[in-house]
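Analysis of the macromolecular model
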Amino acid sequence: GGLRVSELVNLRLSDIRWSEVGTLYVWLADSKGNRSEPQALPSWANAAVLDHVERRREDGAGPGDPLFVSRYGARAGKPVNVKTLYRRVVEVVER
């Protein structure tokens, strides 16, 4: 398993979900092979993902809004591009 950066870019807040047994996962619509499927998140990522979701909600984002948006410049508030998201993921993983 694993997520492609292009799949991360397309995630919405409503795609972050809890399973019945308490596993945090993302719902991938039209992912690999044009299937929709859940992808469990590693436990080490849970806190960072939940914190990010909370910040987006505090900023007024609703369930259908992008999970990741640009923070600065002309694209502020718009869906982040693949290159920018990749850099952000690398920063978080390296912490």
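Everything below is about the structure shown above.
Heads up: these notes are all about the structure in this document.

Turning to the sheet that holds strand 3 (residues 37-40), a few remarks are in order. As a general point, the strands of a sheet are linked pairwise by backbone hydrogen bonds and lie either parallel or antiparallel. As summarised here, the arrangement of the three strands in space is 1-2-3, forming an open sheet in which the pairing is antiparallel. Of all strands in the sheet, those with a lone pairing partner are strand 1 (16-18) and strand 3, marking the two edges. Averaged over all neighbouring strand pairs, the angle between strand axes comes to 40 degrees, with direction disregarded. Where strand 1 meets strand 2 (residues 24-28), three bridges bridge the pair, whose relative direction is antiparallel. Looking across to strand 2, one finds that Arg-17 is bridged to Tyr-25.

So, on to the side chain of Arg-88. Along the polypeptide, Arg-88 turns up in helix 3 (residues 82-94). Buried charge without a salt bridge: Arg-88, with Glu-91 as the nearest opposite-charge side chain at an N-O distance of 6.4 Å. Excluding residues within four positions of it along the chain, Arg-88 makes contact with Val-69, Ser-70, Arg-71 and Val-80.

A turn of α-helix holds 3.6 residues, and therefore any two residues three or four places apart point the same way. Between its terminal C-alpha atoms helix 2 (residues 46-58) stretches 18 Å, which fits the 18 Å expected from 13 residues at 1.5 Å a residue. Those residues of helix 2 not exposed but buried are Asn-46, Val-49, His-52, Val-53 and Arg-56. One side of helix 2 holds all its buried residues, which, seen down the axis, span an arc of 135 degrees. As for helix 2, its buried residues are in contact with strand 1 and strand 2. Downstream of helix 2 by a residue or two, Gly-60 has a phi angle that is positive, lying close to 95 degrees.

The next subject is a negative patch on the surface. Taken together, the side chains of Asp-51, Glu-54, Glu-58 and Asp-59 make up a negatively charged region of the molecular surface. Tracing the backbone through its elements, the reader meets Asp-51 in helix 2. By relative accessible area, which is 47% here, Asp-51 ends up partly exposed.

This part covers the pairing of strand 2. Taking burial as the measure, the five residues of strand 2 include four buried ones, the bulk of the element. In this antiparallel pair of consecutive strands, strand 1 and strand 2, the connection spans five residues, and Gly-22 shows a positive phi of 90 degrees. Bridge count for strand 2 against strand 3 is four bridges, and the pairing is antiparallel. The residue bridging Trp-27 from the neighbouring strand is Pro-38, located in strand 3.

Calculation rules
Residues numbered from 1 in each chain as written. Predicted model: local features only at pLDDT ≥ 70, side-chain atom pairs only at ≥ 80, totals over all residues. Heavy atoms only, no water. Pairing = 2+ DSSP bridges. Helix = DSSP H or I, 4+ residues; strand = E, 2+ residues; numbered from the N terminus. Axes fitted to C-alpha atoms, helices over the stretch in contact; angles between N-to-C directions. Buried < 20%, exposed > 50% of the residue type's maximum accessible area, 1.4 Å probe, protein only. Lys, Arg positive; Asp, Glu negative; His and termini not counted. Salt bridge = Lys/Arg side-chain N within 4 Å of Asp/Glu carboxyl O. Contact = heavy atoms within 4.5 Å. Expected span 1.5 Å × (residues − 1). Arc of directions from axis to C-beta. Patch = residues over 30% accessible without salt bridge, like charges linked within 9 Å, V, L, I, M, F, W, Y side chains within 5 Å. Areas by Shrake-Rupley, 256 points an atom, 1.4 Å probe, with all protein chains shown as cover. Charge placed at Lys NZ, Arg CZ, Asp CG, Glu CD.

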